[in-house]
Amino acid sequence: MGAYNARMQFTELGLHPDLLKAIAEAGYETPTPIQAQAIPHVMAGLDVMGAAQTGTGKTAAFTLPILHRLMPFASTSVSPARHPVRALILAPTRELADQIYQNVAQYAKHTPLRSAVVFGGVDMKPQTAELMRGVEVLIATPGRLLDHVQQKTVNLSQVSVLVLDEADRMLDMGFLPDLQRIVNLLPKDRQSLLFSATFSTEIRKLGKTFLKDNPVSVETARRNATSENITQLLYQLDRGDQKRAAVVRLVQSLQLSSVIVFTNTKIGAGRLARELIREGISADAIHGDKSQNERLAVLDRFKKGEVAVLVATDVAARGLDIAELPAVINFDVPYSPEDYVHRIGRTGRAGASGQAIMLMTAEEERLVSDIEKLVARKFERAVLPGGAVESRGHGERSDRSGSAERAGRTGDRSDRGDRGDRGASRYNRGLDDQGVDRVVASTRQRAADPFFTQPYDDSLPVSAPSEASADGGQTPAAGRAEAALAKPNSNITRRRAGGVPALLGGVTKPKTG
């Protein structure tokens, strides 16, 4: 393929008129470099390995020519037999699979071609019903596709095109055995396509395994390069516990109304979202522990602008297509350098500009160095706008007004009058035996309950209830204990002699009368 012609139009690629109509309605006129170079090869039926920066239109680079090749098989018949699966597109994550499905549906809306998407985390029954109707283009995650294969709800014997999208992520997630099982179910005489934002040695080995000999290689930029439209910033902090305050400052100072913040762990994502909410910032988290319906609901709220900050793990780094996303923040430096390329690829899409901010500490220096080697650039260590931030514990607000208010409320309590010695009789503040000021148990003596201190005596007669003193007074607290020891408590009823043994059968109960 020759050099990319920036003035080329989609009409020059020879696509079906129904597809060109949908492309025009979507507002596209000029293909991107990956589209202009890959579409002719895919339309010709060749195996292709395509690499391009995230956000440059890789999805359309294979979906448009596939739909074009399937147009001769398009049928308006309602019979499922006239709509077998002819194209299989595999994606590593649910979000990416759903995004591809939406693109396919958009481009094929003026054609009789049917499409469906299947992924885990949701009920299989609606997916099964869709498959039973018949679909020509099936987008799937490997695990859920094998579930349908096992349930015999999908037939892959007529697949003529296989696409592996984000194949490097599939390898990272351990999908290689599943991919091999799926490929073994497909006809050997087929077209295979492999697309990704990054090309590594492992990906090339994968291409040799699943693609025909000498596939066409299409690379529209230097390998593993990042978009020139993205401004990349690196802020170095002293401690990791300063990062939450740094995110708050960046969101507020840059007035970010829509930003994705990436963390390395699911627990960290949920915790950060809660911290941002406490700071008055609308935020929500998306990670693998949430159900698919919950994740889709969060994404929908984020796209509508109801949530300003979307805290995500790398499960959301692939396939998310957020229009006009101004920035992404790497709260944690990613463990894999390739993940950095995919994370920042969420911004600066379709020629727009964007910011990619990364927060790091000294402990993450090695991870940053690995990223610098991959993208072949050196990051300048900068200081946060407004200077250093203070570290604080979980749940503590960045402003001190709340603390002042709490202090004021505490002071008000001291002016509420004397409530007696409630609680003071049990605990007092003082020095312990090592001279440390702390709250210690009070040593004030209490009157002993005679029920527990007086020995039990069977020979004593049952006592009558005592009467109160004539003047209605009570025995002083100091004398009550002595009086109780000298005189049986009036509330204690003594058992008659022989009563307990008689019940146990050891002694015959004495007869009376």
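For the structure, see preceding data.
Below is a summary of the structure that appears in this document. (Residues numbered from 1 in each chain as written. Predicted model: local features only at pLDDT ≥ 70, side-chain atom pairs only at ≥ 80, totals over all residues. Heavy atoms only, no water.)

## What to know about the side chain of Glu372
- Tracing the sequence through the fold places Glu372 in helix α14 (residues 365-375).
- The exposure class assigned to Glu372 is buried, which follows from its relative accessible area of 8%.
- Beyond its immediate stretch of four places on either side in the chain, Glu372 contacts Arg377, Lys378, Phe379 and Arg381. (Helix = DSSP H or I, 4+ residues; strand = E, 2+ residues; numbered from the N terminus. Buried < 20%, exposed > 50% of the residue type's maximum accessible area, 1.4 Å probe, protein only. Contact = heavy atoms within 4.5 Å.)

## Some words on the pattern of salt bridges
- The tally for this structure, following the rule as stated, stands at 19 salt bridges.
- The partner of Asp332 in a salt bridge is Lys243, and the shortest N-O contact between them spans 4.0 Å. Taken together, the residues Asp332 in the loop between β12 (327-330) and α13 (337-344) and Lys243 in helix α10 (residues 243-253) connect sequence positions 89 residues apart.
- Arg301 serves as the salt-bridge partner of Asp284, at 3.0 Å between the closest nitrogen and oxygen. In this pair, Asp284 sits in strand β10 (residues 283-286) while Arg301 sits in helix α12 (residues 292-303), placing the two residues 17 residues apart along the sequence.
- According to the relative accessible area criterion, Asp284 is buried, its value standing at 17%.
- Residues joined in a network through salt bridges with shared partners are Asp284, Lys290, Arg301 and Glu306. (Salt bridge = Lys/Arg side-chain N within 4 Å of Asp/Glu carboxyl O.)

## Some remarks on the sheet that holds strand β14 (residues 381-382)
- Taking strand neighbours across the sheet as the criterion, the seven strands line up as β10-β11-β9-β12-β13-β8-β14 in an open arrangement whose pairing is parallel. This sheet does not close on itself; its edge strands, each paired only once, are β10 and β14.
- The sheet contact formed by β10 and strand β11 (residues 309-312) spans four bridges and is parallel. When the bridges of β11 are listed, Ala285 appears paired with Val311.
- Contacting β9 (259-262), β10 and β11, helix α11 (residues 266-278) runs over the sheet at an angle of about 175° to β10.
- Those strands touched by α12 are β9, β10 and β11, and its axis lies near 140° from that of β10. (Pairing = 2+ DSSP bridges. Axes fitted to C-alpha atoms, helices over the stretch in contact; angles between N-to-C directions.)

## Some details on the packing of helix α5 (residues 124-133) against helix α6 (residues 142-150)
- Here α5 crosses α6 at 70°, and the two axes come no closer than 12 Å. The orientation of α5 with respect to α6, classified from their angle, is roughly perpendicular. The handedness of the crossing between α5 and α6 comes out as right-handed. Where α5 approaches α6, its residues Met124, Gln127, Thr128 and Leu131 are matched on the opposing element by Arg144, Asp147 and His148.
- Within the contact of α5 with α6, the residues separate by chemical class into two nonpolar, three polar and two charged. (Parallel < 35°, antiparallel > 145°, perpendicular 65-115°, else oblique. Left-handed = near helix turned anticlockwise from the far one by under 90°. Nonpolar A, V, L, I, M, F, W, Y, C, P; charged D, E, K, R; others polar.)

## Topic: the nonpolar core
- Judged by nonpolar contacts, the single largest core of 40 residues is most densely connected at Ile66 and Leu193.
- Elements that contribute at least two residues to this core include exactly α1 (17-25), α2 (33-43), α3 (58-70), β2 (87-90), α4 (94-107), β4 (137-140), β5 (161-165) and β6 (191-196).
- Ranked by the residues each element gives to this core, the list is headed by α3, at seven residues.
- Aside from chain neighbours lying at most four places away, what touches Leu193 is Val42, Leu46, Asp47, Val48, Phe62, Ile66, Val161, Leu162, Val163 and Leu164.
- Membership of the second largest hydrophobic core comes to 29 residues, among which are Ala116, Val118, Val135 and Leu186. (Core = buried A, V, L, I, M, F, W, Y, C linked by side-chain atoms within 4.5 Å.)

## Section: unusual backbone geometry
- Backbone geometry at Glu166 places phi at a positive 55°, although glycine is not the residue there.
- Tracing the sequence through the fold places Glu166 in the loop between β5 and α7 (167-172).
- Judged by its relative accessible area of 3%, Glu166 is buried.

## Section: α10
- In terms of burial, α10 is largely enclosed, as eight of its eleven residues are buried.
- Those residues of α10 lying buried are Lys243, Arg244, Ala245, Ala246, Val247, Val248, Leu250 and Val251.
- As for α10, its buried residues are in contact with β8 (230-236), β9, α11, β11, β12 and β13 (354-360).
- Positive backbone phi, approximately 55°, marks Gln255, located one or two places after α10.

## Quick word on the sheet that holds β5
- Judged by pairing direction, the sheet is parallel, and its seven strands sit side by side in the order β3-β4-β2-β5-β6-β1-β7 without closing on themselves. The outermost strands of the open sheet, each flanked by one partner alone, are β3 (115-118) and β7 (216-219). Each strand of the sheet is rotated relative to its neighbour by a mean of 15°, with strand direction disregarded.
- With four bridges joining them, β3 and β4 adopt parallel strand pairing. Bridge pairing in β4 links Val117 to Ile139.
- Across the sheet, α5 lies against β3 and β4, angled at about 150° from β3, the strand it touches most.

## Things to note about α1
- Among all positions of α1, only Leu19, Ala22 and Ile23 are buried. Mapping the buried residues of α1 onto a view down its axis gives an arc of 100°, with all of them on the same face. Among the exposed residues of α1, those oriented more than 90 degrees off its buried face are Pro17 and Ala24.
- On its buried face, α1 is in contact with α3 and α4.
- Taken from the residues just after α1, Gly27 is the one with a positive phi, measuring 90°. (Arc of directions from axis to C-beta.)

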